[in-house]
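Analysis of the macromolecular model
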Amino acid sequence: MSFYIRGNMKRDQIFHELKRRIAAGEYAVGEKLPTEFELSAQYAVARGTIRQSLKLLEAEGYLERVKSKGTFIRQPAQKPGADKVISFLMPYPGYIRPSDDPVFITFSRIFYGAIRAASEAGWRVEAVPFSRTNDNFNIDWDALEHIGKDSRVMIFNHWYHPAFDAFLKRGARVGIIRYFSHVKSPWDHCFENWIDAVIDTKKVASDAVYFLHSLGCRKILNAGWYYQDAYNEKPIGYREAVDRLGLERLELDYDTLSGKTGYGRDVAETIRKIWEETHFDAMFADNPQHYFTEKGNIYRAIGIPESVKILLNHDEPQHYLRTSPQVSAFSIDMDKVGYTVAKCLVEDSAAPRQLVFERTLCNRESTGGAYVPPCDTTEEEKTWMAMV
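Report on the accompanying structure.

So, the packing of helix α2 (residues 36-43) against helix α3 (residues 47-59)
Axes are the key here: two packed helices are described by the angle between their axes and the distance separating the axes. Two elements in contact, α2 and α3, have axes whose closest approach is 9 Å; the angle formed by their N-to-C orientations is 110°. The orientation of α2 relative to α3 falls into the category roughly perpendicular. Mapping the contact onto sequence places E36, F37, L39, S40 and Y43 in α2 and R47, I50, R51 and L54 in α3. Considering only residue class, the contact of α2 with α3 consists of five nonpolar, one polar and three charged.

A few points about the pattern of salt bridges
All chains considered together, the criterion is met by 22 salt bridges. Among the ionic pairs, E58 bridges to R65, the shortest N-O distance being 3.0 Å. Relative accessible area serves as the criterion here: at 33%, E58 is assigned to the partly exposed category. Since its relative accessible area comes to 35%, R65 is described here as partly exposed. As a salt-bridge pair, R249 and D243 come within 2.6 Å of each other at their nearest N and O atoms. Among the ionic contacts, a cluster of salt bridges with common partners joins E36, R47, R51, E58 and R65.

Overview of helix α4 (residues 102-120)
Three or four residues apart is the spacing at which side chains of an α-helix point the same way, because the helix has 3.6 residues per turn. Compared with the 27 Å implied by 1.5 Å per residue over 19 residues, the 28 Å span of α4 between its first and last C-alpha is a close match. At the exit of α4 stands G122, carrying a positive phi of roughly 80°.

About the cut-offs
- Residues numbered from 1 in each chain as written.
- Predicted model: local features only at pLDDT ≥ 70, side-chain atom pairs only at ≥ 80, totals over all residues.
- Heavy atoms only, no water.
- Axes fitted to C-alpha atoms, helices over the stretch in contact; angles between N-to-C directions.
- Helix = DSSP H or I, 4+ residues; strand = E, 2+ residues; numbered from the N terminus.
- Parallel < 35°, antiparallel > 145°, perpendicular 65-115°, else oblique.
- Contact = heavy atoms within 4.5 Å.
- Nonpolar A, V, L, I, M, F, W, Y, C, P; charged D, E, K, R; others polar.
- Salt bridge = Lys/Arg side-chain N within 4 Å of Asp/Glu carboxyl O.
- Buried < 20%, exposed > 50% of the residue type's maximum accessible area, 1.4 Å probe, protein only.
- Expected span 1.5 Å × (residues − 1).

As structure tokens, then:
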């Protein structure tokens, strides 16, 4: 690719462009850089301009000139105080803020768990913005510049995938927390070399169907986000379970209704229409706070009878305490997940391994509407979970 750069900043522009390409892993550590003549032709500038840009890169520790062999990419020395730090990636600079968004709440719990583990080990945690614009393909490579060999990095979900190969090439020690493990991805070679913390979403969905089936339910609606996402394993687990039990598939993709005025009302109305058509007797749902009413009854808000069993994919008491009656939900201690991953990262070896976390069922079917916090799996729950 040719670059035609004009003006008085040619040297600096080429310097920053080459630095970005090194940071992104387009030029790997130890790789030989093209010659000054080749770079001069590529950028359509004089060799003297290229030579000045390379001197700047060499001064910052990105290049090493070897006599009679050429110029090679190197990893800059870590800055003072850069050791014993976990770099926790966040989408953009303003991401940490007061919010009741469930994704942010999950992120913050993982973050606090990481801080607790790091503090116990005498380490610290830094929040590193991945993008200035919340666009995962518009990476802020300057913010990631200091992440190199043996750096410790924490990542929550695969949204950050455009930088995965760069982190692998740099030799960073990464702990990633993700929601899929049963489908293949283009990043499996990265996960194999990292601390790979998996929250088994497929199993949760399968467990949900078996639990509802054990309560006598035979028409189970699966309602959720990101239904068409190849890495959303909730629909996969649901479909496999209902097919094994010989049940009808009943599914609602929230995304077909998003982006419209009155979204929550539309979701509730759609669920009601599905019930009128099918008379489903159970619903396994993602993020229903969008159609909750303050201190309201979830059944009246949706317009379905209270005989329908409602099971939530993820327990979020900050929303669900508003409703009566309380409904059952799966819960996972995300603070513990963050703590465990950070504990592994601060080890001297930070050796690659896979950690699997499962959600616990909070069975509130017989509580009379009283809130019951998450608890350990009961013997009764272990019995039906063993059916899966």
